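The residues making up each chain are set out below.
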Amino acid sequence: MQKPLAIRLRPTKLDEVFGQQHLIGENMLLRRCVEQSSLFSIIFYGPPGCGKTTLALALAEELNIPYRFFSAVEGNKKDLVSIFEEAKLSNGLILIIDEIHRLNKDKQDLLLPVVESGLITLIGATTSNPFFAINPAVRSRCHLLEVKPLEKKDLIKAIDYALSSEKGFSNKISITLEAKNKIALLSSGDLRFCYNLLEICAIGCENAEINIDLVNKYAPIANGSYDKDEDNHYDTVSAFQKSIRGSDVDAALYYLARLCMANDLDSIERRLLVIAYEDIGLANPAACGRTINAIDAAKRVGMPEALIPLSVAVIDLALSPKSRSATDAIHMAYDQATKSNPPIPSYLRLTPVGLEKQDQYDYSNKESWHQIQYLPDELKDMQFYIPNINSNYEKALAQNYNMLKKYLRTNKIRILNK
């Protein structure tokens, strides 16, 4: 059985790799590695189909260093030990681990000393963010290199190469310019998807020509290139929130649609709630309540009708006045709390010990509550909340806040209790 096109065309040297000029271009890091016959442990990270494993193989082939593959999911400790023993006999080798973030702790512990000693040169590949998904001990022994989605021009070159190469279609298949552009656009930077679609179209075409109608027939939906556990999903979530924050309602609706394609209502609902309280907040508190109602309705009706109440919430939030004053305030307070931990004033403690009655907090003297100093002495002049007057509601809060600021708060409780 013939291998898939993407496998047949896999490069064996850097000059055959499409894109990634920030890594393999002239005087770039991986190019210098080949020129100087030197290599170090690497973790390639980026979306599917952009060439992480391809770069690992090309480096191994060009440097003429023996290499072995290991499956982070299926491989066991015995397999790893066998590779290490082989490395001792061959004076080191490259170990390529795809989806390295799935490597469990036992296997990671075995890996650490041989990578540390240089017996194994590790090249890991992952679609996840290595700063979150990779064990810090493994990460600290490797250089992290981002592999980026291919640009449209690179995908066009790859299609031309596949059609002309003897390992591809040997000029037996032609393609219209419109069809070529459509395949590149649908692929969303994923070369594997591009080759797979091209191969399907080559099988299904008549008169040895791929046209736009054929492409539309076999690929009616663009390559999303993510599921709810992959980084591209989180990039979409990020764009979703930033669009609402920037009051671009059309962009926000577009990213909502993309998120709904992944059918991950939980993430959408969680993000909408965060947006409502983080970005709109005190400028329009009622919008927070309306968002909760929209989410509840979406859960009740389910997909695809859930799109309707969710779109209402998105439009509401995108076009609402914005205020991050509450978010900024708690972040400032949290940051201060990590830097200092002064004792809580004795008169605010739950069970004050050794305080005379007149020095204790008086629950019945509510007229003095706004005159009491509640922050510790070291922080008594700190201001965390800075009002934003984008809305009438927060203007009213700001007026009350500024009025209260006129009172000189004191820790002399005895004076207030008189």
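Just so it is clear, the structure is predicted and the values come from calculations on it, not from any experiment. (Residues numbered from 1 in each chain as written. Predicted model: local features only at pLDDT ≥ 70, side-chain atom pairs only at ≥ 80, totals over all residues. Heavy atoms only, no water.)

Participant: Explain the side chain of Thr53 here, please?
Facilitator: By the element assignment, Thr53 lies in helix H4 (residues 52–63). A relative accessible area of 16% means that Thr53 is categorised as buried. Here Thr53 is in contact with Arg10, Phe69, Asp98 and Ala125, once residues within four sequence places are set aside. (Helix = DSSP H or I, 4+ residues; strand = E, 2+ residues; numbered from the N terminus. Buried < 20%, exposed > 50% of the residue type's maximum accessible area, 1.4 Å probe, protein only. Contact = heavy atoms within 4.5 Å.)

Participant: What exactly am I supposed to notice about empty space enclosed by the protein here?
Facilitator: A probe matching the size of a water molecule, rolled over the atoms, marks out where space remains unfilled. Under the definition given, this model contains one cavity of 30 Å³ or more. Within this model, the largest cavity holds a volume of roughly 40 Å³. Lining the largest cavity, in full, are Ile100, His101, Leu103, Gln108, Ala133, Ile134, Asn135 and Val138. Of the residues assigned to the lining of the largest cavity, the class counts are five nonpolar, three polar and no charged. (1 Å grid on protein atoms, 1.4 Å probe; cavity = no way out; pocket = protein on both sides within 12 Å on 5 of 7 lines; lining within 4 Å. Points joined across faces, edges and corners; volume = space filled by probe spheres on them. Nonpolar A, V, L, I, M, F, W, Y, C, P; charged D, E, K, R; others polar.)

Participant: Even after reading the chapter, I still don't get the nonpolar core, so can you show me in this structure?
Facilitator: As a rule of thumb, soluble globular proteins bury nonpolar side chains together. Counting 52 residues, the largest nonpolar core has Leu30, Phe44, Leu55, Leu59, Tyr195, Leu198 and Ile210 as its most contacted members. The residues touching Phe44, leaving out its near neighbours within four places in the chain, are Leu23, Leu30, Lys52, Leu55, Ala56, Leu59, Ile123, Gly124, Ala125, Thr126, Leu145 and Val147. In terms of nonpolar packing, the next biggest core, distinct from the first, is built from 25 residues, Ile244, Ala287, Ala313 and Leu317 among them. (Core = buried A, V, L, I, M, F, W, Y, C linked by side-chain atoms within 4.5 Å.)

Participant: Help me understand the packing of aromatic side chains in this model?
Facilitator: Describing an aromatic ring pair means giving the distance of the ring centres and the angle of the ring planes. All told, the structure shown has six aromatic pairs when counted by the stated rule. Ring centres 6.1 Å apart and planes at 90° place the aromatic pair Tyr67 and Phe69 in the edge-to-face group. When the centroid spacing of 5.2 Å and the interplanar angle of 65° are considered together, the rings of Tyr254 and Tyr255 count as edge-to-face. What links up through ring pairs into an aromatic cluster is the set Tyr361, Tyr363 and Trp369. (Phe/Tyr/Trp six-rings, centres within 6.5 Å; stacked < 30°, edge-to-face > 60°.)

Participant: How should the side chain of Gln20 be read in this particular structure?
Facilitator: Its location among the elements puts Gln20 in the loop between helix H1 (5–8) and helix H2 (21–24). Those residues in contact with Gln20 that sit more than four places away from it in its chain are Gly25, Cys50, Leu55, Val147, Lys148 and Leu150.

Participant: Whenever I open this one, unusual backbone geometry confuses me. Can you help?
Facilitator: Residues other than glycine predominantly adopt negative phi, and peptide bonds predominantly adopt the trans conformation. For the bond from Met303 to Pro304, the omega torsion is 5°, close enough to zero to count as cis. Position of Pro304 among the secondary structure elements: in the loop between helix H16 (285–301) and helix H17 (307–319). We note that Asn171 has phi near 60°; this positive angle belongs to a residue other than glycine. Within the element layout of this structure, Asn171 appears in the loop between helix H9 (152–164) and strand S6 (174–175). Classification of Asn171 as exposed rests on a relative accessible area of 60%. Within the chain, Ala208 stands out as a residue other than glycine whose phi angle is a positive 60°. Its place among the elements puts Ala208 in the loop between helix H11 (191–204) and strand S7 (209–210). By relative accessible area, Ala208 is classed as partly exposed at 31%.

Participant: Just to check I follow, could you spell out helix H5 (residues 77–89) for this structure?
Facilitator: Each full turn of the α-helix corresponds to 3.6 residues, which orients residues three or four apart in the same direction. Between its first and last C-alpha, H5 extends 19 Å over 13 residues, near the 18 Å set by a 1.5 Å rise per residue. Within the sequence span of H5, burial applies to Leu80, Ile83, Phe84 and Ala87. Considered in projection along H5, the buried side chains sweep an arc of 100° and stay on one side of the axis. Opposite the buried face of H5, by more than 90 degrees, sit the exposed residues Lys78, Lys88 and Leu89. Residues of H5 that are buried in the fold lie against strand S2 (67–71), strand S3 (93–98), helix H6 (105–117) and strand S4 (120–126). Where H5 begins, the capping side chain belongs to Asn76, and its oxygen is found 3.1 Å from the backbone nitrogen of Lys78. (Expected span 1.5 Å × (residues − 1). Arc of directions from axis to C-beta. Polar contact = N/O pair within 3.5 Å; in protein donor to acceptor, adjacent residues only side chain to side chain.)

Participant: How should I be thinking about the pattern of salt bridges in this particular structure?
Facilitator: When charged atoms on two side chains of opposite charge get close, those side chains can pair. Counted by the stated rule, this structure contains 17 salt bridges. When the shortest N-O distance is used, the salt bridge between Arg8 and Glu199 registers 3.5 Å. Pair noted here: Arg8 is in helix H1 and Glu199 is in helix H11, with a separation of 191 residues, a long-range link. Classification of Glu199 as buried rests on a relative accessible area of 18%. The residue Glu86 makes a salt bridge to Arg68 at a minimum N-O spacing of 2.3 Å. Placement of Glu86 in helix H5 and of Arg68 in strand S2 is noted, with a sequence separation of 18 residues between them. If you follow the salt bridges from partner to partner, you end up with Arg245, Glu278, Asp279 and Arg324 in one network. (Salt bridge = Lys/Arg side-chain N within 4 Å of Asp/Glu carboxyl O.)

Participant: It is not clear to me how the sheet that holds S3 should be interpreted in this structure. Could you clarify?
Facilitator: Adjacent strands of a sheet form backbone hydrogen bonds with each other and so pair up, either parallel or antiparallel. The strand order S2-S3-S4-S1-S5 describes an open sheet built from five strands, whose pairing is parallel. One side of each edge strand has no neighbouring strand; the edge strands of this open sheet are S2 and strand S5 (143–146). Strand-to-strand twist across the sheet, computed as the mean angle between neighbouring axes with direction ignored, equals 20°. Relative to S4, S3 runs parallel, the two sharing six bridges. Looking across to S4, one finds that Ile94 is bridged to Thr121. Running at roughly 145° to strand S1 (residues 42–45), H4 makes contact with S1, S2, S3 and S4 of the sheet. Along the sheet, H5 makes contact with S2, S3 and S4, crossing S2 at roughly 170°. (Pairing = 2+ DSSP bridges. Axes fitted to C-alpha atoms, helices over the stretch in contact; angles between N-to-C directions.)

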